[in-house]
Amino acid sequence: MPDDPEGGMLSWDESVFRDEHVFEIDYVPETFKHREGQMRNLTYALRPAVRGSRPLNVMVRGPPGTGKTTAIQKLFDEVGAQTSDVRTIRVNCQVNATRYSVFSRLFEGTFDYEPPSSGISFKKLFGQIAEKLVDDDRVLVVALDDVNYLFYENEASDTLYSLLRAHEEYPGAKIGVVVVSSDPALDVIDELDSRVQSVFRPEDVYFPVYDSPEIGDILDERVTRGFHDGVIARDTLEHVADLTADSGDLRVGIDLLRRAGLNAEMRASRTVERQDVDEAYEQSKYVNLSRSLSGLTDTELTLLEVIANHDGEQAGEVYDVFRDHTELGYTRYSEIVNKLDQLSLIDAEYTEVDGRGRSRSLSLSYEKEAVLDRLE
Ligand SMILES: Nc1ncnc2c1ncn2[C@@H]1O[C@H](COP(=O)(O)OP(=O)(O)OP(=O)(O)O)[C@@H](O)[C@H]1O
């Protein structure tokens, strides 16, 4: 309860925050600790591009919230500072999950305007990007961030094939690819068609989860920039680091700091206490869930809701309910089930059903209320 004698919240011009923006999702940190080795390997792979040659392809892997996207952003900034002869484009495959949509994004990055909305063929789209590259004598480095989403949609092989063999159709086109996967269960190379495997031999760069001391160290810098002096005590920050280490996702910690700060303000306190952190954790522990949900289509969300209300039932029974909401056939339904499973939103486990052989039972990976609350 308020520990301010006046009661109520801190007044509008009082705040625990010096700069709340450093806790926002799109903030690119000034320093990037504990990733020196990864940055070195990435720089090594891209160095040829700065000299005008095709760079080495790279496969970046690691669980969510381990700094992969940040590394790419830092690296692309550094390349941009060196030369304007390399074009670097990061594609978020959660948003651009088909080959056509990846290339639309590349078109936009190349020409600074979107491709015609009336639609042009993939071949034309590709041709214009490649010709521009050759005309400008530039090297293109494409980062396919969260590439696992291309696999869920069965678009990964076609997309990579087009990028990796561009120089055959468009002589002089120099393209390097950095694929970034955050799905530990996905064997990227293994899942590609053999025609892609034969041309894709990437350098491997791995991002392990940060341990608690590393998390504390990284968050300490946000605290210094984001909060006024003395707002959060050392042992409270260590508590934040420990909670974050449980999930391994640094996003949890950043979200925790922000929410804990807001909770402190709500109590009209100028300091963030352990209770603020613990209350905040009830929301922050779901940042990954919220992020996964934000990338789903309406149909996928509908199916997830049906599964939430029929937790643990057989796939066939769930489909009967789902069919009341959509026109989709069973094949497409199974594909969506697979995607939700790969995203670790559900567990689709094969079980024996009496007299009917094997069937999958579908159960939620999170508490039902946590999912339903976020679907509203
Ligand atoms: N070493 C670091 N120093 C400072 N901030 C970091 C560091 N590593 C990660 N972050 C921060 O943690 C958050 C998550 O990092 P990032 O988006 O790079 O992770 P990711 O591995 O790409 O995650 P995902 O696989 O889910 O896309 C970002 O807000 C980023 O600023």
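Sequence order sets the numbering: in each chain, residues are counted from 1 along the sequence as written. Residues qualify for local features only when their pLDDT is at least 70, as the model is predicted, and side-chain atom pairs are given and counted only at 80 or more; totals for whole chains, interfaces and linings, by contrast, use all residues.

- As recorded in an unreviewed UniProt entry, the protein goes by the name ORC1-type DNA replication protein, listed as coming from Natrialba asiatica.
- Turning to the protein, the UniProt record has this under Function (unreviewed entry): "Involved in regulation of DNA replication."
- Taken verbatim from the UniProt record of the protein, the Sequence similarities (unreviewed entry) comment is "Belongs to the CDC6/cdc18 family." UniProt positions are given in the numbering used here, feature names are shortened, and annotations may be inferred rather than shown by experiment.

## Topic: the overall build of the protein
Piece 1. In terms of regular secondary structure, the protein is built from 18 helices and seven strands.
Piece 2. Across the 376 residues in the protein, those meeting the buried criterion constitute 37%.
Piece 3. By the criterion used throughout, residues are in contact when their C-beta atoms, derived from the backbone, lie within 7 Å. A fraction of 71% describes how many contacts in the protein between residues 6 or more apart in sequence connect residues 24 or more apart. Working definition: helices are DSSP H or I runs of at least four residues, strands are E runs of at least two. Numbering for both runs from the N terminus. Residue burial here comes from a neighbour count, namely the number of other C-beta atoms, placed from the backbone, that lie within 10 Å of the residue's own C-beta, with 20 or more meaning buried, 12 or fewer meaning exposed, and in between meaning partly exposed.

## Looking at the site of the ligand
Piece 1. Only the C-beta atom, placed from the backbone, is used; a residue is near a molecule or strand if that atom lies within 6 Å of it. In the vicinity of the ligand there are 20 residues, among which P64, G67, T69, T70 and S182 approach most closely.
Piece 2. When residues of the shell around the ligand are traced back to their parent elements, those giving at least two are α2 (68–82) and α12 (250–266).
Piece 3. Looking at the shell around the ligand residue by residue, the classes come out as seven nonpolar, eight polar and five charged.
Piece 4. Both of domain 1 (36–206) and domain 2 (210–289) provide at least three residues apiece to the shell around the ligand. Amino acid classes used here: Ala, Val, Leu, Ile, Met, Phe, Trp, Tyr, Cys and Pro are nonpolar; Asp, Glu, Lys and Arg are charged; the rest, including Gly, are polar. For every domain, the bounds stem from an assignment made automatically or drawn from a database.

## A closer look at unusual backbone geometry
Piece 1. If you check the backbone angles, D137 has positive phi at about 55° while not being a glycine.
Piece 2. With respect to the element layout, D137 can be found in the loop between α4 (122–136) and β3 (139–145).

## What to know about the sheet that holds strand β4 (residues 174–181)
Piece 1. Pairing is parallel in the open sheet, where five strands are placed in the order β2-β3-β4-β1-β5. Strands at the two margins of the open sheet, each flanked by one partner only, are β2 (86–92) and β5 (203–206). For this sheet, the mean inter-axis angle between neighbouring strands, taken without regard to orientation, is 15°.
Piece 2. Two strands make a pair as long as DSSP finds a minimum of two bridges between them. Summarising the sheet, β3 and β4 pair through six bridges and their orientation is parallel. Pairing of L140 across the sheet is with I175, part of β4.
Piece 3. Fitted lines through C-alpha atoms serve as axes, helices being fitted only where they are in contact, and the angles separating the N-to-C directions of these axes extend from 0 to 180 degrees. Across the sheet, α2 is in contact with β1 (58–61), β2, β3 and β4; its angle to β2 comes to roughly 160°.
Piece 4. Against the sheet, helix α3 (residues 99–111) engages β2 and β3, with an angle of about 140° to β2.

## So, the pairing of β3
Piece 1. Here β3 lies mainly inside the structure; seven of its seven residues are buried.
Piece 2. Here β3 shows two buried faces, one formed by V139, V141, A143 and D145 and the other by L140, V142 and L144.
Piece 3. In this sheet, β3 lies alongside β2 in parallel orientation, the contact comprising seven bridges. Within β3, the residue paired with V91 across the bridge is L144.

## Re the nonpolar core
Piece 1. As used here, a nonpolar core is made of buried Ala, Val, Leu, Ile, Met, Phe, Trp, Tyr and Cys residues. They are joined through C-beta atoms within 7 Å. If you look at the biggest cluster of nonpolar residues, it comprises 48 residues, and the most contacted ones within it are V142, L144 and V178.
Piece 2. The leading source of residues in this core is β3, at six residues.
Piece 3. Apart from residues lying up to four places away in sequence, V142 is in contact with I89, V91, L106, L163, I175 and V177.

## Some details on helix α14 (residues 287–294)
Piece 1. Buried residues of α14: V287, N288 and S292, and no others. Taken down its axis, α14 places every buried residue within 135° of arc, on the same side.
Piece 2. On its buried face, α14 is in contact with α12 and α13 (274–284). Each direction from the helix axis to a C-beta atom contributes to the arc, which is the arc of those directions.

## Section: the environment of V337
Piece 1. Note that V337 resides in helix α17 (residues 330–342).
Piece 2. What makes V337 buried here is the crowd of 21 C-beta atoms within 10 Å.
Piece 3. Taking the C-alpha atoms as reference, V337 lies 8.6 Å from A315; in sequence the two are 22 residues apart.
Piece 4. Setting aside residues up to four positions removed in sequence, V337 forms contacts with A315, A348 and L362.

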